[in-house]
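# Observations on the three-dimensional arrangement
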Amino acid sequence: MIMDVTIYHNPACGTSRNTLELIQHAGIEPTVIEYLKNPPTREQLVRIIADAGLTVRQAIREKGTPYAELGLANPELTDYQLLDAMLKDPILINRPFVVTPMGTRLSRPSELVLDVLPADAFKGPFTKEDGERVLDDEGKRIA
């Protein structure tokens, strides 16, 4: 299937790997941006977050990051300050963000990517790394 899909990916993250595999399972070879090596620009990050319907604070990753040490929980910090922190330390950008013509999603959990991929693209079952089935034998989403 030809579809312009971009994933902001961290190969060390199981959720990100599962999301990438789901995209590929749909027969789509996405543009993979390893955002820790190639972080988005401020403009790209702002657009991705807005297009996903999130606030900047919702797009910050707390677990396994310097979030607490940097004092980012402080409610007085502005979006601009939070974006500065995310751009300076890209591990603070939650993952994986997926951008398709059907929309943008922060795919946590990974099956949220199904919301922005054509449902008829899946032709068989899909099971995540942890053994959880996401698609049945006919490629239909398991609720």
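Residues numbered from 1 in each chain as written. Predicted model: local features only at pLDDT ≥ 70, side-chain atom pairs only at ≥ 80, totals over all residues. Heavy atoms only, no water.

All right, on to the nonpolar core then. Counting 19 residues, the largest nonpolar core has Ile49, Met86, Leu92 and Phe97 as its most contacted members. Of all the elements in the fold, those that place two or more residues in this core are helix H2 (42–51) and helix H3 (79–88). In terms of residue count, H3 provides more of this core than any other element does, four residues in total. Leu20, Ala26, Val113 and Phe122 belong to the second-largest nonpolar core, a separate cluster that totals 18 residues. (Core = buried A, V, L, I, M, F, W, Y, C linked by side-chain atoms within 4.5 Å. Buried < 20%, exposed > 50% of the residue type's maximum accessible area, 1.4 Å probe, protein only. Helix = DSSP H or I, 4+ residues; strand = E, 2+ residues; numbered from the N terminus.)

If you trace the four strands from one edge of the open sheet to the other, you get S2-S1-S3-S4, paired in mixed fashion. Single-partner strands in this sheet number two, and they are strand S2 (31–34) and strand S4 (103–106). Between one strand axis and the next, the sheet turns through 15 degrees on average, direction left out of account. In the sheet, strand S1 (residues 6–9) pairs with strand S3 (residues 97–100) via three bridges, with the strands oriented antiparallel. By the bridge assignment for S3, Thr6 is matched with Val99. On the sheet, helix H1 (residues 14–25) packs against S1, S2 and S3 and is oriented at approximately 160 degrees with respect to S1. Relative to S3, H2 is tilted by about 80 degrees, and along the sheet it contacts S1, S3 and S4. (Pairing = 2+ DSSP bridges. Axes fitted to C-alpha atoms, helices over the stretch in contact; angles between N-to-C directions. Contact = heavy atoms within 4.5 Å.)

Turning next to the side chain of Arg61. Inspection of the secondary structure assignment puts Arg61 in the loop between H2 and H3. In this structure, Arg61 is buried with no salt-bridge partner, the nearest side chain bearing the opposite charge being Glu62 at 9.8 Å. Apart from the residues within four sequence positions on either side, Arg61 is in contact with Tyr67, Ile91, Leu92, Ile93, Asn94, Arg95 and Arg108. (Lys, Arg positive; Asp, Glu negative; His and termini not counted. Salt bridge = Lys/Arg side-chain N within 4 Å of Asp/Glu carboxyl O.)

To continue, consider the pairing of S4. Across a regular strand the side chains alternate sides, sitting on one face of the sheet and then on the other. Along S4, the buried face is formed by Thr104 and Leu106; none of Gly103 and Arg105, which line the opposite face, is buried. Relative to S4, S3 runs antiparallel, the two being bridged by four bridges. Bridged to Phe97 within S4 is Leu106. Where S3 hands over to S4, the hairpin turn is made up of two residues, counted between the paired strands.

With that settled, consider the packing of H2 against H3. Packing of H2 against H3 leaves a shortest axis separation of 11 Å and a crossing angle of 115 degrees. What the angle tells us is that H2 and H3 run roughly perpendicular. The two elements H2 and H3 cross, and the hand of that crossing is right-handed. Seen from H2, the contacting residues are Arg42, Leu45, Val46 and Ile49; seen from H3, they are Tyr80, Leu83, Asp84, Met86 and Leu87. (Parallel < 35°, antiparallel > 145°, perpendicular 65-115°, else oblique. Left-handed = near helix turned anticlockwise from the far one by under 90°.)

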